[in-house]
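Listed below are the residues making up each chain.
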Amino acid sequence: MHILGIDPGLLITGFGVVDVDGPHLRYVASGTIKTVHLDKSDLPGRLKVLFDGVREVVQRYQPAAASVEIVFVNVNPQATLLLGQARGACITALVSSGLPVAEYTALQMKKAVAGYGKAGKAEVQEMVMRLLKLPSLPGKDAADALGLAITHAHVGAAMARLAQASQASETSGKLGGNYRAGRSR
């Protein structure tokens, strides 16, 4: 199964595709979608490039699922707003292509890939290279996107197993006397 990771950015959006077969990961593709050739004041044009670029990646590699980085508020609210719009264009492209979309924070991705939530870009690049047995370091944006795909390959499978176990428990009526079903996101 192919999983697509997206690291959204208004100037450069990274993408990475990995193939998952049980516990085994295999590199498929990675790269960037750039809007640097457009005038910075042309926000609609830049969002269209991101939307079309993500749709093209989906058509080319046919992933079964996608994961996108969650954006947090930065020091500059205007930059955060613009990044949120880029992220929205990417998610809309994924959803309009019929893909389920999972979201992970940078901290979650770094912890899953490098074992440390505050790992630097270079550490993420190095671990992605090792995990996917790449001949050289991927670019920073592509490495983050591959890291998101790897995170979903591991976390998504675990979440699916938990959901199945929960359904089985509820179906069999063996929830236990002190257990009350809660809410999940």
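Residues numbered from 1 in each chain as written. Predicted model: local features only at pLDDT ≥ 70, side-chain atom pairs only at ≥ 80, totals over all residues. Heavy atoms only, no water.

**Here we look at the overall build of the protein chain**
Then step 1. Within the protein chain, the regular secondary structure consists of five helices and five strands.
Then step 2. For the protein chain, the N- to C-terminal ordering of α and β elements is β-β-β-α-β-α-β-α-α-α.
Then step 3. Across the 185 residues that make up the protein chain, the buried fraction comes to 40%.
Then step 4. For the protein chain, contacts bridging at least 24 residues in sequence account for 59% of all contacts bridging at least 6. (Helix = DSSP H or I, 4+ residues; strand = E, 2+ residues; numbered from the N terminus. Buried < 20%, exposed > 50% of the residue type's maximum accessible area, 1.4 Å probe, protein only. Contact = heavy atoms within 4.5 Å.)

**Quick look at the nonpolar core**
Then step 1. By size, the foremost hydrophobic cluster in this structure holds 21 residues, and its most contacted members are Leu4, Ile6, Val54 and Leu94.
Then step 2. Looking at this core, the elements with two or more residues in it are β1 (2-7), β2 (12-21), α1 (43-61), β4 (65-69) and α2 (77-96).
Then step 3. Once you skip the residues sitting within four places of it in the chain, Val54 turns out to touch Ile6, Ile33, Cys90, Ala93 and Leu94. (Core = buried A, V, L, I, M, F, W, Y, C linked by side-chain atoms within 4.5 Å.)

**Some remarks on helix α4 (residues 121-131)**
Then step 1. Buried residues of α4: Val124, Gln125, Val128 and Met129, and no others. Take α4 and look down its axis: the buried residues cluster within an arc of 135°, on one side only. When the buried face of α4 is taken as reference, the exposed residues oriented beyond 90 degrees from it are Ala122 and Arg130.
Then step 2. Looking one or two places after α4, you find Lys133, whose phi comes out positive at around 55°. (Arc of directions from axis to C-beta.)

**Let's talk about unusual backbone geometry**
Then step 1. In this structure, Gln62 takes a positive phi of about 50° despite not being glycine.
Then step 2. Looking at where Gln62 falls in the secondary structure, it is placed in the loop between α1 and β4.
Then step 3. One non-glycine residue, Lys133, lies in the positive phi region at around 55°.
Then step 4. With respect to the helices and strands, Lys133 occurs in the loop between α4 and α5 (140-172).

**With respect to the pattern of salt bridges**
Then step 1. A full pass over the atoms with the stated rule returns six salt bridges.
Then step 2. The partner of Arg87 in a salt bridge is Glu103, and the shortest N-O contact between them spans 2.1 Å. Of the two residues, Arg87 sits in helix α2 while Glu103 sits in strand β5 (residues 101-104), which places them 16 residues apart along the sequence.
Then step 3. Of the charged contacts, one joins Arg130 and Glu126 as a salt bridge, the two residues approaching to 3.1 Å between their closest N and O atoms. Of this pair, Arg130 and Glu126 both sit in helix α4, four residues apart, roughly one helical turn.
Then step 4. What makes Arg130 exposed here is its relative accessible area of 56%. (Salt bridge = Lys/Arg side-chain N within 4 Å of Asp/Glu carboxyl O.)

**A few points about the pairing of β1**
Then step 1. By the criterion of burial, β1 is predominantly enclosed, with six of the six residues buried.
Then step 2. Residues of β1 alternate between two faces, with His2, Leu4 and Ile6 on one and Ile3, Gly5 and Asp7 on the opposite face, all of them buried.
Then step 3. Note that β1 and β2 share six bridges and pair antiparallel. Within the sheet, the bridge partner assigned to His2 lies in β2 and is Asp19. (Pairing = 2+ DSSP bridges.)

**Things to note about the pairing of β2**
Then step 1. The buried count for β2 comes to eight of 10 residues, which makes it a mostly enclosed element.
Then step 2. Taken together, β1 and the strand that follows it, β2, pair antiparallel across an intervening segment of four residues.
Then step 3. Pairing analysis gives 10 bridges linking β2 to strand β3 (residues 24-34), with the strands arranged antiparallel. Looking across to β3, one finds that Gly14 is bridged to Thr32.
Then step 4. Adjacent in sequence and paired antiparallel, β2 and β3 are bridged by two residues, among which Gly22 carries a positive phi angle near 65°.

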